[in-house]
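For reference, the chains in residue letters:
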Amino acid sequence: MSKIMTIGEVLVEFIAAERGQPFNAPGQFLGPYPSGAPAIFIDQVGRLGKSCGMFGSVGDDGFGELNRERLKRDGVDIEHIRVLNNATTGSAFVTYHQDSSRDFIYNITNAACSQITPNQITRDSLSDCQILHVMGTSLFSFRVIEATQKAIRGVKANGGLVSFDPNIRKEMLGLPEMRDALNYILELTDILLPSEGELVTLLGTATEQQALDEVFRLGVNEVIVKLGSKGGRYHDRSGRHIDAPGFTVEECDPTGAGDCFGATYIALFGDDLSIEERLRYANAAGARAVTCMGPMEGASSMAELDEFIEQHAADIH
Ligand code: ATP
Ligand code: MG
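Conventions and cut-offs
Residues numbered from 1 in each chain as written. Chains lettered and ligands numbered in written order. Predicted model: local features only at pLDDT ≥ 70, side-chain atom pairs only at ≥ 80, totals over all residues. Heavy atoms only, no water. Helix = DSSP H or I, 4+ residues; strand = E, 2+ residues; numbered from the N terminus. Rg over C-alpha atoms; globule rule 2.2 N^0.38 Å. Contact = heavy atoms within 4.5 Å. Areas by Shrake-Rupley, 256 points an atom, 1.4 Å probe, with all protein chains shown as cover. Lys, Arg positive; Asp, Glu negative; His and termini not counted. Charge placed at Lys NZ, Arg CZ, Asp CG, Glu CD. Axes fitted to C-alpha atoms, helices over the stretch in contact; angles between N-to-C directions. Parallel < 35°, antiparallel > 145°, perpendicular 65-115°, else oblique. Nonpolar A, V, L, I, M, F, W, Y, C, P; charged D, E, K, R; others polar. Salt bridge = Lys/Arg side-chain N within 4 Å of Asp/Glu carboxyl O. Buried < 20%, exposed > 50% of the residue type's maximum accessible area, 1.4 Å probe, protein only. Phe/Tyr/Trp six-rings, centres within 6.5 Å; stacked < 30°, edge-to-face > 60°. Lys NZ or Arg CZ within 6 Å of the ring centre and 35° of its normal. Pairing = 2+ DSSP bridges. Near = heavy atom within 4 Å. Polar contact = N/O pair within 3.5 Å; in protein donor to acceptor, adjacent residues only side chain to side chain. Arc of directions from axis to C-beta. Disulfide = S-S within 2.5 Å.

Asks: Would you mind showing me how to read the overall build of the protein here?
Replies: Along the backbone of the protein there are 10 helices and 13 strands. What you see for the protein is a C-alpha radius of gyration of 18 Å, in line with the 20 Å of a compact globule of 317 residues. For the protein, contacts bridging at least 24 residues in sequence account for 73% of all contacts bridging at least 6. Accessible surface computed for the protein: about 13,100 Å², of which carbon and sulfur atoms make up 47%. Of the charged side chains in the protein, 27 are positive and 44 negative, and the gap between their average positions amounts to 4 Å.

Here it is as structure tokens:
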């Protein structure tokens, strides 16, 4: 039982060619790039040579083919990514503002990715799953939420673990079913991987410490907060925390960094490494990811991470 699995949206992404380019006027976009937070996550797990797979659905079109081929090439089991002939593959458009903030336009609620169904989640498909990773971005439809909850129950019943990256996108918070689903998942999460500030948003507390106290009370075992260029910080329920500084790189496209960071930390779970070492690899994966245009393009192999760490050892933040 050593497989890492995830569930959720497989998308293509188009990136506005110019910083500050608006969505309400014609302009150039780069893409299609394979994308979708869970797809990026599992691609990074596959690149590290770990056994992994994904539950998802794509259309019977070039965008779906692009994703399935990439994931397969990188070692992901795509048996449970269904190809639907009555829907098109989901897509996302992203534009970066001058201050580095970004906006998305998603085509997901009416796309193939919203048609993941609970009957895809069979006992067999989860039998060797050690860790199920869930992304908040995937909780955009009743069907996907139901399927996600079924997968979580299945993995927990087998004695597996759940890792959860809330990955809150402001464009999605308006969906009422999402809030309830977030709370449901939080209560069954073992490893929580929020971005900076997200814990407070998620829990509605005044301070991060109160949010940490609350998630540990709910049963979470460890929390790794992603801090962008500053790296990451690990907390556990005993009150211990470990700061892992980020690496200095030229940021080109930050989308996908959090997914690569989380994937690396989770993928190295079964290896004989200290938490500090896992965090160093995760920071290296996140840093490499931001240097590449395209959300999945910066996923790293173990050899690439080792080489990166060796080259950047001196210039940690
Ligand atoms: P996203 O959801 O967009 O993928 P996130 O908010 O989940 O991102 P970030 O904190 O932005 O996650 O990035 C994840 C990790 O990637 C960081 O913890 C860090 O290790 C690395 N990272 C991100 N940005 C930079 C940067 N500019 N320089 C170096 N490392 C970075
Ligand atoms: Mg994130």
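Asks: I would appreciate a short explanation of the packing of helix 4 (residues 142–157) against helix 5 (residues 176–187) in the present structure.
Replies: Axes are the key here: two packed helices are described by the angle between their axes and the distance separating the axes. One way to put it is that helix 4 packs onto helix 5 with a least axis distance of 11 Å and a crossing angle of 5°. Between helix 4 and helix 5, the crossing angle belongs to the class labelled roughly parallel. Across from Phe142, Ile145, Thr148, Gln149, Ile152 and Arg153 in helix 4, the residues of helix 5 making contact are Glu177, Met178, Ala181, Tyr184 and Ile185. The residue makeup of the contact of helix 4 with helix 5, split by class, is 7 nonpolar, 2 polar and 2 charged.

Asks: Would you mind going over the pattern of salt bridges with me for this structure?
Replies: Pairs can form between side chains of opposite charge once their charged atoms are near each other. One pass over the full model with this rule turns up 12 salt bridges. Measuring nitrogen to oxygen at the nearest pair gives 2.7 Å for the salt bridge that ties Asp165 to Lys226. Taken as a pair, Asp165 in strand 9 (residues 161–165) and Lys226 in strand 11 (residues 222–226) lie far apart in primary sequence, 61 residues in all. For Asp165, a relative accessible area of 2% corresponds to the buried category. The class of Lys226 is buried, set by a relative accessible area of 8%.

Asks: Can you walk me through the packing of aromatic side chains in this structure?
Replies: Two numbers describe a pair of aromatic rings. These are the distance of the centres and the angle of the planes. This structure, assessed with the given rule, holds 6 aromatic pairs. Between Phe14 and Phe93 the ring centres are 5.1 Å apart and the planes differ by 20°, which places this aromatic pair in the stacked class. Of this pair, Phe14 sits in strand 2 (residues 11–16) while Phe93 sits in strand 6 (residues 90–96), and the two are 79 residues apart along the sequence. The exposure class of Phe14 is buried, given its relative accessible area of 14%. Residue Phe93 is classed as partly exposed on the basis of its relative accessible area of 31%. With 6.4 Å between their ring centres and 5° between their planes, Phe23 and Phe29 make a pair best called stacked. The class of Phe23 is partly exposed, set by a relative accessible area of 29%. Taken together, the aromatic side chains of Phe14, Phe23, Phe29, Phe63 and Phe93 make up a single cluster linked through ring pairs. Looking at Arg278, its charged tip hangs above the ring of Tyr265, at a distance of 3.9 Å from the centre.

Asks: Is there a simple way to explain the pairing of strand 12 (residues 231–236) in this structure?
Replies: Working note: regular strand, side chains alternate between the two faces of the sheet. When you tally the buried positions in strand 12, you get 5 out of 6 residues, the bulk of the element. The pairing of strand 11 with strand 12 spans 5 bridges and is classified as antiparallel. Paired with Val223 across the strands is His235, a residue of strand 12. Hairpin connection from strand 11 to strand 12: 4 residues lie between these consecutive antiparallel strands, with Gly228 at a positive phi of about 55°. Of the strand pairs in this sheet, strand 12 and strand 13 (residues 241–245) are connected by 5 bridges, and their pairing is antiparallel. Paired with His235 across the two strands is His241, which belongs to strand 13. Taking the residues that link successive antiparallel strands as the turn, the strand 12-strand 13 hairpin has 4 residues, and the phi of Gly239 there is positive, at about 100°.

Asks: Please clarify how the site of ligand 1 should be interpreted in this entry.
Replies: The environment of ligand 1 is formed by 22 residues, the closest being Arg102, Ser195, Gly228, Gly231 and Asn283. Gly256 is positioned such that a nitrogen or oxygen atom in its backbone is 3.3 Å from an oxygen atom of ligand 1. For ligand 1, an oxygen atom lies 3.5 Å from a polar atom in the backbone of Ala257. With the chains in place, 91% of the 620 Å² that ligand 1 exposes on its own is no longer accessible. Those elements that provide at least two residues to the shell around ligand 1 are helix 8 (257–267) and helix 9 (275–290).

Asks: Looking at this model, I keep getting lost on helix 7 (residues 208–218). Mind explaining?
Replies: Residues separated by three or four positions in an α-helix point in the same direction, a consequence of the helix having 3.6 residues per turn. Regarding helix 7, the residues found buried are Ala211, Leu212, Val215 and Phe216. When helix 7 is viewed along its axis, its buried side chains cluster within an angular range of 130° and face the same direction. Buried positions along helix 7 lie against helix 5, strand 10 (191–192), helix 6 (198–203), strand 11 and strand 12. Of the residues flanking the end of helix 7, it is Gly219, one or two places downstream, whose phi is positive at about 120°.

Asks: Would you mind going over the pairing of strand 7 (residues 102–107) with me for this structure?
Replies: Direction of pairing for strand 6 relative to strand 7: antiparallel, over a ladder of 6 bridges. Among the inter-strand pairings, Tyr96 is bridged to a residue of strand 7, identified as Arg102. In textbook terms, the turn of a hairpin is the stretch between consecutive antiparallel strands, and for strand 6 and strand 7 this stretch comprises 5 residues, one of which, Ser100, has a positive phi near 80°.

Asks: What should I look at first to understand the state of the cysteines in this one?
Replies: The tally for this structure, following the rule as stated, stands at 0 disulfides. Just so you know, Cys260 is unpaired, no disulfide at all, and the nearest cysteine sulfur is the one on Cys292, 9.1 Å from it. The class of Cys260 is buried, set by a relative accessible area of 0%.

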